[in-house]
Each structure stands twice: as structure tokens, then as C-alpha cells.
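These are the residues of each chain, in order.
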Protein chains: 2
Amino acid sequence: MNGTGQRHSISDAELNTIYSFAIQLGKDAGQMLTDAINSRRQGLNKPDLPEEKMNAVDIVTKTDTEVEQFIHESISHQYPEHAFIDEETYSKGQSKQYLVTDKPTWVVDPLDGTVNFTHAFPMFCVSIALVVNQKPVIGVIYAPMLNQLFSACRGKGAWLNETTQLPMLGKSLGPLPKNAPGKCIFSCEWGKDRRDNPNSNLHRKVDTFVNMASEPSGRGGLGGMVHGMRSLGSATLDLAYIAMGSFDLWWEGGCWEWDVAAGICLVQEAGGVVTTANPPHDWQTCDIGEVKLGGRSYLAIRPAFDATDGGENARQSQERVVREVWKRAVKLDYERPGVS
Amino acid sequence: MNGTGQRHSISDAELNTIYSFAIQLGKDAGQMLTDAINSRRQGLNKPDLPEEKMNAVDIVTKTDTEVEQFIHESISHQYPEHAFIDEETYSKGQSKQYLVTDKPTWVVDPLDGTVNFTHAFPMFCVSIALVVNQKPVIGVIYAPMLNQLFSACRGKGAWLNETTQLPMLGKSLGPLPKNAPGKCIFSCEWGKDRRDNPNSNLHRKVDTFVNMASEPSGRGGLGGMVHGMRSLGSATLDLAYIAMGSFDLWWEGGCWEWDVAAGICLVQEAGGVVTTANPPHDWQTCDIGEVKLGGRSYLAIRPAFDATDGGENARQSQERVVREVWKRAVKLDYERPGVS
């Protein structure tokens, strides 16, 4: 852990103030994303205007940079003593060492789901988290084209549009299904590593996907027969939908702390579990450890509730399902300096 | 073709009236889906109420039936001379023969994306189409939890929320990318056939998915290196997002005419192409035929525009991409009586 050796504490009152600030910041940043889509639509559709030469990649770069600057400046102005990390923190070509210390650090993705954004597919968002002592204590995710604002703060629960507490279907969710991953919605992403060799992350992921999808008798007994396989193209929104209870399981490797920090806060505040995607060697019996923010390997399980028949409690059902996923998961290969 | 031998014609004026009726019907049916989600949330979360014994499957069945009855009765009352087909048209266990004749026929899915609906994941919708002479001439798709109403009518274009003409980004979309399927968002669904044998539809689909995802040098030169892989769990919304221009390609087998009829109308009115997912034997040179509504095999390409540099026109770029997908597609095995 890349800490300072000093534990930091933020009072609940102070956290409340920061939470309000973060929500407003998310709303304002999301509006910038909406404006960018609208100006692209209007500008490029006017037949009397000279055709803009800007392509989709330029638009992402421009929007990403503008929203990043806005968020960074707003935070620096309001909380100059806090640290700030996002993808722009790293110079091009630099190895992405894990830089989050124990001091209050904003971990931000100004635009998650960039490919969706260039296509005006609504699954894109801004993601803003405050991390203290390595733990995300505030998370704000705003998907403006979906009109969905997700927010969470340590001890205050997770919310949709500030009015609906998550998980959305509340205690009717119960524990995870008895035969999970059967009856579950499994969310996963294909990612950017597309090398076609048996050892590539592409093939490790596909092996895992097919294990999860196959009939129970298939894959040498590893068939998970999940109810549905979903891929949205946004790790951040995958986590938001886990918090919402809309997805039961999310398994992913290769993304970074700015993709997941806000989502982890949401899932934990909603009552879900986040741990590593890569099965430990003693996966059948080990303690289910808390996720490493910079570990690039994530497994999230939706919020659960105790069985009303006196059977399994919520946490027991979640731990059972973590192991059921690990059993079927091929270990992914995403290393990084500074994180074991 | 299971026709009556008689061609039917509906005037534009008459079609306008029916279109308004269909849009209102979609809105009302969508409201019923919203109400069902809300009553589930409220009813099951009240601690002072006895716990309802209804599980997620019961809720789907009940909602599906109620919305189906509402739509069916509304249409029968307003247009008693029209035919009506949806999944309920078939008794359980009956082989699903293709029953759409040339006479005006409403083809309806009261709830597409049922697994999403049970999980309160927003990607579910109602789908209403009017088919005349085997062609969908009106399509209405309403996803109430997304606040997205898609509608199209022969000759009147395709629309989002009645105000935004599709494709959303207009002519800035241009032709399909030169190296397509590279740079494309590819939408696909894993489906319900989960048999783990090399010849199953699961493995045929996965082979195709991996072809589309792999680096260009991979898969013996078949690597498509698509920009993104997406799976929403709703064939209807896949087509709506093709019409919107948010997805470039959708390739799918196994669904039915009520899943696609409204979406096909939307895609065609927006300027897209829908044909068969299964490559013909002469796929490199054959005419790109129009989709068979009941063929259970669908390939949709997004709306396109002529290149401004005098190169490829829209249709040429779409036909090129159809063949690029066929080149990488393993033939799926979904037969049905009455459709060759």
C-alpha cells in the first residue's frame, strides 16, 4: 500500500458538506457531457454550416479534457489540501504506478464509456469519488442521457436521483439465488486486450464467460447457466447497476481506480460486496478480502438481504456466490507497479 | 410466404391515424410496466405488510399477461378487422409456425427484456408494430424506465420521444467506417440455447463473437477488432439503438417476429439495413436481400450517409459491412415451420 503512514479522519459533518459539493459537481460535469452531444448534433446537422472536420476521437479528447479541467479546478479551489488523481495524472507512456495515498484523494473519471459517448449510446457517465485511507467514502456517478444520478456517502446509503434508496427493489431481493450463478444477471466487459493467443486476457475472459453461460452439465461441471449476460461498455455503470440490484454479478479485469472508485462506494453503501476477480489459491476457504482499489481486478456482488425462512443471511449468500464465480473464473493478467 | 394472395393497401391518411393510436397505446402500456415496478418496490418494502409470496417469474407472467390483454383489447376494439399476433398467440408446446399473412397484422411484444424487468434493469420495453404485406409499416418501442419512446411510420422517418429524428447524430455519422467492423460498436446477445457442444448455437455465437472482437491478424485473418461489444438483453432495444445510430451492427438469431417487427420499421425508416444473420452460400456477391420477418435470423446495420469526398455512398458502405459480418459469422441453427 502506497500510504503516507498517517491515518486521516474526516468528521461526518465535514463529509456531509463535501458530499453536497460532489453531487453538484457531478451534475455540472454531466451537463457538460450533454452539451457536447447536443452541440455535435446541432452543429453537424446544420446544412448551411461548413462541415466540421472534428472526428469522434477529437470530440472525446476535447470533452474529456474540458470536463477534467472543470472538475479538477473546482476541487482545487474548494479543497486545495486534497489530492487529485485521474487518467490525466499520468503522462503518456509512463507506467501507471498506483499513486493513491491515505490522505483525502479525489479519484475521478470525467467521461467513462467514451466509445458509447462517441456513438450517443446513453451508457456513459462522469464518476467522482473521494477516497480516504484507501477507502472510497463518497461516490457520485451521473449518466446524463439516462437521467440517472447515483450517489453514496459513508454511512448514508446509496441513492438514485437523491430520492430512491438503493437497491431499488429493497428487501424483496432477498439473498442471492440458491443455485447462483443460475438465475443471476452476469455483467462483464470484453475490454481492450484483443490478442488472439490462448493465454491472452481475451481468451481468459471468453473462457470465463462461456463457463458462466453454459448449461450446468457443460464445461466439465463448471457451467453456470446464468440468466443473462450483459455488457454495457462502462465499468462505472456496471457497478452502479450492481448497487441498484439490477445486475447480480460483475466480474472484470483491466480497468483502473478512476473507473471503479465511485462505484465501489455505491455498491458497499447499498449492501453489496466488492473483492478481487482473480481467485486466490485457497479460494474455497479463504476469507473474502476487501477489494484493492488499484488492483485492476474486480468482482462485485449485489446487495442482499437475510432469508426470511431463517436460512442463509445476506453476507453468507454473497460469500457463497463469490466462491461460485471464482470456481469458474480464469485468472486474468493485468499487473501494475506498486500493487501486489 | 404464408400470405393470403391478396395485396393490401392503407392510405397515408389512414396510416397517420393508426400511427397516433399506436404511439398512445405504447405510452399507456409502458406506464403499466412502470406501475408494476413501482408497486413491487412499494408493496414489498413496506415492513407492516405481509410478505407477498409472488416471485420474480410470477411478476413477469402477471405483468406480461395484463399488458398483452390491454394492448390486444385496445386494438380489437379500434381495428377489429386487423389480425393480432404475439407470443400468447401460440398455445404452450405448440410449434411456432409463422402466421403473419399479408393482411394488416399487429405484431406485439408487451414486455421485451423480461429478465431485465425482473431485476429493474432499465433495458426493457413494450414493442408494437403494424405489418402490412409482410412489411412493418409502423413501429413503436417504449422503454419507460429510460424515458425513451422510439417511433416510426412508413415514409415519416424514425423518432426519439417524437421530437428528435433518428439517427441522433444525423449526417455526421457518414458512411460506415472504412475498416469496419473495426471502429464499430457490435451488439449481440448470448440467448437461451446454452448447450455445451461444439455444434450448439452457444458455441456458434461465441465463435462469431470472438471473430468480431479479435485483433485483425487473429482468427486466421478473420479478426474484426470491433471498438466495443455490447449485450443489453433486449433484441427490441438493440434494434432501436441501431436506428438511433448508437450501435453500428447487430447480429442475432433465435428471436421471433414480435421481438423485431417494430425495430425493423425503425431501422429502415432511419436509413439502416436489416437482412439475415446467416451468410448465404454466395455471400461475397449475392444481392443483399431484405429481412424475412419470421426468419429468426437478423443482421442490422445502422443508418449511413454518403461520403462527402465523393467516395462510397451510404448503401454501398452498408452492403460492404453486411459482407464483412457474413465473412466472420458462423451459421446459426434456428429452424421453424413455414419459413424457408
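Residues numbered from 1 in each chain as written. Chains lettered and ligands numbered in written order. Predicted model: local features only at pLDDT ≥ 70, side-chain atom pairs only at ≥ 80, totals over all residues. Heavy atoms only, no water.

Chemist: So what exactly am I meant to see when it comes to the nonpolar core here?
Modeler: A general feature of soluble globular proteins is that nonpolar side chains tend to end up buried together. Trp106 of chain A together with Trp106 of chain B are the most contacted members of the largest nonpolar core, which has 174 residues in total. Those residues in contact with Trp106 of chain B, other than ones at most four positions away along the chain, are Ile18, Phe21, Ala22, Ile75, Tyr79, His82, Ala83, Phe84, Ile85, Ile128, Ala129 and Leu130 of chain B. Of all hydrophobic cores here, the second largest spans 62 residues; its members include Val206, Val273 and Leu299 of chain A together with Leu176 of chain B. (Core = buried A, V, L, I, M, F, W, Y, C linked by side-chain atoms within 4.5 Å. Buried < 20%, exposed > 50% of the residue type's maximum accessible area, 1.4 Å probe, protein only. Contact = heavy atoms within 4.5 Å.)

Chemist: Just checking my understanding: could you explain the pattern of salt bridges for this structure?
Modeler: Two side chains bearing opposite charge may form a pair once their charged atoms approach each other closely. Residues and elements named next belong to chain B. By the definition in use, this model includes 29 salt bridges over all chains. Across the salt bridge formed by Lys62 and Glu66, the nearest N and O atoms sit 3.5 Å from each other. Within this pair, Lys62 and its partner Glu66 are both found in helix α2 (residues 56-78), separated by four residues, close to a single helical turn. A relative accessible area of 44% places Lys62 in the partly exposed class. Among the ionic pairs, Arg320 bridges to Glu312, the shortest N-O distance being 2.6 Å. (Salt bridge = Lys/Arg side-chain N within 4 Å of Asp/Glu carboxyl O. Helix = DSSP H or I, 4+ residues; strand = E, 2+ residues; numbered from the N terminus.)

Chemist: Can you walk me through the environment of Phe305 of chain A in this structure?
Modeler: Residues and elements named next belong to chain A. If you trace the backbone, Phe305 turns up in the loop between β12 (297-301) and α7 (314-328). Placed 32 residues apart in sequence, Phe305 and Val273 show a C-alpha to C-alpha distance of 12 Å. Residues in contact with Phe305, not counting those within four places in the same chain, are Pro167, Gly170, Lys171, Leu173, Gly174, Pro175 and Ala314.

Chemist: Would you explain the domain arrangement of chain A in this entry?
Modeler: It is common to report an interface's size as the accessible area lost on association of the parts. All names here are of chain A. In terms of domains, chain A is made up of domain 1 (12-167) and domain 2 (171-328). Computed over C-alpha atoms, the centres of domain 1 and domain 2 are 24 Å apart. The largest contributions to the domain 1 side of the interface with domain 2 come from Met123, Pro136 and Pro167, which together make up 22% of the buried area. Seen at the junction of domain 1 and domain 2, the total is one salt bridge. A salt bridge links Glu290 to Lys135; the nearest nitrogen and oxygen atoms lie 3.4 Å apart. If you look at where domain 1 meets domain 2, you find eight residue pairs in polar contact (both at pLDDT 80 or more). Secondary-structure elements contributing two or more residues to the side of domain 1 that touches domain 2 are β2 (105-112), β3 (125-132), β4 (135-143), β5 (148-153) and β6 (158-160). By residue number, the principal contributor to the side of domain 1 that touches domain 2 is β4, which donates eight residues. Tallied by class, the residues present in the side of domain 1 that touches domain 2 amount to 28 nonpolar, nine polar and eight charged. (Domains from an automatic or database assignment. Buried area = accessible area lost by both parts, 1.4 Å probe. Polar contact = N/O pair within 3.5 Å; in protein donor to acceptor, adjacent residues only side chain to side chain. Nonpolar A, V, L, I, M, F, W, Y, C, P; charged D, E, K, R; others polar.)

Chemist: Got a minute to help me understand the UniProt feature "binding site: Mg(2+)" (unreviewed entry) in chain A in this structure?
Modeler: Residue and element names in this part refer to chain A. The UniProt record marks Glu87, Asp109, Leu111, Asp112 and Asp259 with the feature "binding site: Mg(2+)" (unreviewed entry), using the residue numbering of this structure. Sequence-wise these annotated residues cover 173 residues; spatially they are packed, their C-alpha atoms never more than 10.9 Å apart. Here Asp109 lies in strand β2. Not counting residues within four places of it along the chain, the set of residues in contact with Asp109 comprises Cys125, Val126, Ser127, Trp258 and Asp259. Residue position: Leu111 is located in strand β2. Look past the residues within four positions of Leu111 in its chain and what remains in contact with it is Leu33, Asp64, Phe117, Phe124 and Cys125. (UniProt positions renumbered as here; feature names shortened; annotations may be inferred.)

Chemist: I would appreciate a short explanation of the sheet that holds strand β1 (residues 83-85) of chain B in the present structure.
Modeler: Residue and element names in this part refer to chain B. Taken in spatial order, the seven strands of this open sheet run β1-β2-β3-β4-β5-β6-β7, and their pairing is mixed. Strand pairing shows two members of the sheet lacking a second neighbour, β1 and β7 (164-166), which therefore form its edges. Here the average twist between neighbouring strands, direction ignored, is 20°. Seen against the sheet, helix α5 (residues 235-244) touches β2 (105-112), β3 (125-132), β4 (135-143), β5 (148-153), β6 (158-160) and β7 and runs at an angle of roughly 70° to β5. (Pairing = 2+ DSSP bridges. Axes fitted to C-alpha atoms, helices over the stretch in contact; angles between N-to-C directions.)

Chemist: What am I meant to see in the interface of chain B and chain A here?
Modeler: The interface of chain B with chain A comprises 57 residues on the first partner and 57 residues on the second. Note on chain B versus chain A: buried area summed over both sides is about 5,000 Å², and carbon and sulfur give 61% of it. Our count for the chain B to chain A interface comes out at zero salt bridges. Viewed at the interface, chain A and chain B are joined by 23 residue pairs in polar contact (both at pLDDT 80 or more). Every element with two or more residues in the side of chain B that touches chain A is listed here: α1 (12-45), α3 (114-118), α4 (201-213), β9 (228-230) and α5 of chain B. The element contributing the most residues to the side of chain B that touches chain A is α4 of chain B, with six residues. Across the side of chain B that touches chain A, the residue classes break down as 26 nonpolar, 19 polar and twelve charged.

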